[in-house]
Amino acid sequence: MQEDIFILIESYRKNFTDVEQVIADYFLSKKEAIHMDELAKLISVSKASITRFCKKIGLNNYKELIFLYNLSLKRERERLSVASDVTSAYHSIATRSDVTYSPDDVDDFCHELYQHKIIHFFGKGFNSYAGADFQLKFSRMGKYVRIISDERSIALSANSAEKDELIVVVSLRGEDEQMQESLGIAKEKNVPILLITSNQHSPLIPFANNVLFAAGFTREESLGIISPQVPILIQLDIVYERYIQLYSENIQKWIKSEEILHS
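Rules used in this analysis
- Residues numbered from 1 in each chain as written.
- Predicted model: local features only at pLDDT ≥ 70, side-chain atom pairs only at ≥ 80, totals over all residues.
- Heavy atoms only, no water.
- Helix = DSSP H or I, 4+ residues; strand = E, 2+ residues; numbered from the N terminus.
- Buried < 20%, exposed > 50% of the residue type's maximum accessible area, 1.4 Å probe, protein only.
- Contact = heavy atoms within 4.5 Å.
- Phe/Tyr/Trp six-rings, centres within 6.5 Å; stacked < 30°, edge-to-face > 60°.
- Salt bridge = Lys/Arg side-chain N within 4 Å of Asp/Glu carboxyl O.
- Axes fitted to C-alpha atoms, helices over the stretch in contact; angles between N-to-C directions.
- Parallel < 35°, antiparallel > 145°, perpendicular 65-115°, else oblique.
- Nonpolar A, V, L, I, M, F, W, Y, C, P; charged D, E, K, R; others polar.
- Left-handed = near helix turned anticlockwise from the far one by under 90°.
- Expected span 1.5 Å × (residues − 1).
- Arc of directions from axis to C-beta.

> Can you walk me through the side chain of H116 in this structure?
Following the sequence through the fold, H116 ends up in the loop between α6 (103–115) and β1 (118–122). Since its relative accessible area comes to 9%, H116 is described here as buried. The residues touching H116, leaving out its near neighbours within four places in the chain, are K143, K163, D164, E165, L166 and P192.

Here it is as structure tokens:
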């Protein structure tokens, strides 16, 4: 791997003369690479001083310095480009999440959560990671949250769930035949079901009492730049924030009761 010129220059900082510090400052400021004659004139040093500077940092000549300098600048731009691409993608997802936001649906979703103490969280693959975040947040609210992430366990939980319990399903694509079968079993038993998906035509929707629509991925985002659970996490954070707003008094009562029980 080629040397990073900025790190190389900084590593010799303590050994530079005053003139060499001036030369170092020019390159560390990441300005345009120019010919030695132009540089000498611009920063008022001799070409001999620039040559000595190159030798001091372990390079053969100014040509080698400029080669490494341009290479390091290119890497710097690429790093900035990657960061910009990622943050732009996050901003785009957040904006699309705002577009799909429905206050009434979020309030209904929160009401169902409030009405049930036992919650079965169905989420396969990356969706189960979002479940861990949901479990952490709502366990603090006095809920018992059980994360189920494999097909067999989902089917068993749907079959054993009672109508006074709640099933929360997260599926970004919303296309899962096994999940459909499991939700069909729960629906027949009148177990309430909440769904979060980005698919507005998902075959899971008819089984749900309430649906929140997450932002879908663009073709570029679906290649793996953004973690798949991000749109789901945004919806869950919206729900959690609204839940606290709606039921703050009851939450405080529960926290106080817990404090008394554990004192």
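> When you look at the packing of aromatic side chains in this model, what are you seeing that I'm missing?
The relation between two aromatic rings is expressed through the spacing of the ring centres and the mutual angle of the planes. Overall, the coordinates contain 14 aromatic pairs when judged by the stated rule. Arranged with centres 5.1 Å apart and planes meeting at 45 degrees, the rings of F16 and F53 form a pair that is tilted. Taken together, the positions of F16 in the loop between α1 (5–11) and α2 (18–28) and F53 in helix α4 (residues 47–56) put the pair 37 residues apart, joining distant regions of the chain. Under the relative-accessibility criterion, F16 is labelled buried at 8%. In this structure F53 comes out as buried when scored by relative accessible area, which is 0%. Look at F27 and F53: their rings are 6.5 Å apart centre to centre, the planes differ by 15 degrees, and that puts the pair in the stacked class. Taken as a pair, F27 in helix α2 and F53 in helix α4 lie far apart in primary sequence, 26 residues in all. F27 gets classed as buried once you look at its relative accessible area, which sits at 0%. Following the ring pairs from residue to residue traces out a cluster consisting of F6, F16, Y26, F27, F53, Y62 and Y69.

> Can you walk me through the pattern of salt bridges in this structure?
Side-chain pairs of opposite charge can arise where the charged atoms are in close proximity. By the definition in use, this model includes nine salt bridges. Bridged by salt links that share partners, the residues E10, R13 and D25 form one connected network.

> Could you clarify how one ought to interpret the environment of A215 in this entry?
Locating A215 in the fold gives a position in the loop between β5 (210–213) and α10 (230–246). With 20 residues separating them in the primary sequence, A215 and Q235 have C-alpha atoms 8.9 Å apart. Apart from residues no more than four positions distant in its own chain, A215 is found in contact with I93, R96, S97, L172, S198 and P231.

> Got a minute to help me understand the environment of I50 in this structure?
Position of I50 relative to the elements: it lies in helix α4. Considered as a pair, I50 and A24 are 26 residues apart in the sequence and their alpha carbons are 9.7 Å apart.

> Which parts of the structure should I look at to understand the packing of α2 against α4?
Helix packing geometry: the angle between the two helix axes and the distance between the axes. Interhelical geometry of α2 versus α4 gives an angle of 75 degrees and a closest axis separation of 10 Å. Taken together, the axes of α2 and α4 lie roughly perpendicular to each other. Residue-level contacts link V19, E20, I23, A24 and F27 of α2 to S49, I50, R52, F53 and K56 of α4. Class assignment for the residues of the contact of α2 with α4 results in six nonpolar, one polar and three charged.

> Would you mind showing me how to read the packing of helix α7 (residues 126–139) against α10 here?
With their axes 10 Å apart at the nearest point, α7 and α10 run at an angle of 15 degrees to one another. Classified by the interaxial angle, the pair formed by α7 and α10 is roughly parallel. The handedness of the crossing between α7 and α10 comes out as right-handed. Contacts between α7 and α10 involve N127, A130, D133, F134, K137 and F138 on the former and, on the latter, I232, L233, L236, D237, V239, Y240 and Y243.

> What should I look at first to understand α7 in this one?
Helical geometry: 3.6 residues make up each α-helical turn, so side chains three or four residues apart lie on a common side. With 14 residues, α7 should cover 20 Å at 1.5 Å per step; its first-to-last C-alpha distance of 20 Å lies within 8% of that length. Among all positions of α7, only N127, S128, A130, G131, F134, K137 and F138 are buried. Buried residues of α7 fall within an arc of 165 degrees about the axis and therefore sit on the same side.

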